[in-house]
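Commentary on secondary and tertiary structure
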Amino acid sequence: MKRSELVTAAPGPAGIDPAALTREQLLGWRCALCGTLLTGDRPLGTVTVSQGPTLTTYPLWACDPNCTTEHAWRAAIGHAAGCEACRTGECATGQRLLDAYSTAFRGER
Ligand SMILES: [Zn+2]
Ligand SMILES: [Zn+2]
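Residues numbered from 1 in each chain as written. Chains lettered and ligands numbered in written order. Predicted model: local features only at pLDDT ≥ 70, side-chain atom pairs only at ≥ 80, totals over all residues. Heavy atoms only, no water.

**Looking at the coordination of the zinc ion (ligand 1)**
Bound to the zinc ion (ligand 1) are the protein donor atoms Cys31 (SG), Cys34 (SG), Cys63 (SG) and Cys67 (SG), situated 2.2 to 2.4 Å from the metal. Geometry at the zinc ion (ligand 1) is tetrahedral, judged from its four donor atoms and the angles of 105 to 119 degrees they form at the metal. Mapped onto the polypeptide sequence, the residues donating to the zinc ion (ligand 1) form the spacing pattern C-x2-C-x28-C-x3-C. For Cys31, a relative accessible area of 0% corresponds to the buried category. (Donors = N, O, S within 2.8 Å, 3.2 Å for Na, K, Ca; no water. Tetrahedral: all angles 85-135°; square planar, octahedral: opposite > 155°, others 65-115°. Buried < 20%, exposed > 50% of the residue type's maximum accessible area, 1.4 Å probe, protein only.)

**Here's the deal with the coordination of the zinc ion (ligand 2)**
In the first shell of the zinc ion (ligand 2), the protein supplies His79 (NE2), Cys83 (SG), Cys86 (SG) and Cys91 (SG), at 2.0 to 2.4 Å from the metal. Classification of the site at the zinc ion (ligand 2) as tetrahedral follows from its four donor atoms and the range of 103 to 116 degrees in their angles at the metal. In primary-sequence terms, the residues that donate to the zinc ion (ligand 2) follow H-x3-C-x2-C-x4-C. The class of Cys86 is partly exposed, set by a relative accessible area of 23%.

**Some details on the pairing of strand S2 (residues 54-63)**
In this structure, strand S1 (residues 41-51) lies alongside S2, joined through 10 bridges in antiparallel fashion. Looking at the pairing, Gly45 lines up with Leu60 of S2. Turn length for the S1-S2 hairpin, with the two strands adjacent in sequence and antiparallel, is two residues, and the turn residue Gly52 shows positive phi of about 65 degrees. (Pairing = 2+ DSSP bridges. Helix = DSSP H or I, 4+ residues; strand = E, 2+ residues; numbered from the N terminus.)

**Some points on helix H2 (residues 69-81)**
Relative to the 18 Å expected for 13 residues at 1.5 Å per residue, H2 spans 18 Å between its end C-alpha atoms, a close match to the ideal helical length. Listing the buried residues of H2 in full gives Thr69, Ala72, Ala75 and Ala76. Down the axis, H2 shows its buried residues gathered within 135 degrees of arc, on one side only. Along H2, exposed side chains directed more than 90 degrees from the buried face belong to Arg74 and Ala81. At its buried positions, H2 is contacted by helix H4 (92-107). (Expected span 1.5 Å × (residues − 1). Arc of directions from axis to C-beta. Contact = heavy atoms within 4.5 Å.)

**A look at the pattern of salt bridges**
Using the criterion set out here, one finds three salt bridges in the structure. A salt bridge links Arg30 to Glu24; the shortest N-O distance between them is 2.6 Å. Under the relative-accessibility criterion, Arg30 is labelled partly exposed at 24%. Notably, a salt bridge pairs Arg74 with Glu70, separated by 2.3 Å at the nearest N-O pair. Separated by four residues within a single helix, Arg74 and Glu70 lie in helix H2, roughly one turn from each other. Using a relative accessible area of 49% as the deciding quantity, one classes Glu70 as partly exposed. (Salt bridge = Lys/Arg side-chain N within 4 Å of Asp/Glu carboxyl O.)

**Focus: the environment of Ala75**
By secondary structure assignment, the location of Ala75 is in helix H2. With 42 residues separating them along the chain, Ala75 and Leu33 place their C-alpha atoms 9.1 Å apart. Ignoring any residue separated from it by four or fewer positions in sequence, one finds Ala75 in contact with Cys34 and Leu97.

Right under this line is the structure:
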């Protein structure tokens, strides 16, 4: 069987693009949704990332019980402040952070 050399990543849970996750998020130090350092955590599922011929599956973790609006908002503006792609409005990570914020916002009402 021939190994595919395409860089593919299986779609993650909750529409998470594994390519957009930071190393800290893949290692479970930070929330995969809002990027907050985790104290309590809940499992989100796994993503598979390919680096050359190596496929690695990482379990993802999120804030427990939910990301707070404060966390999510801070993550969104913190990311956008240092992100070129966000300035042109083409950033999947920025969009995901804003989605996490609106989800948290709805959850708190
Ligand atoms: Zn979170
Ligand atoms: Zn961005």
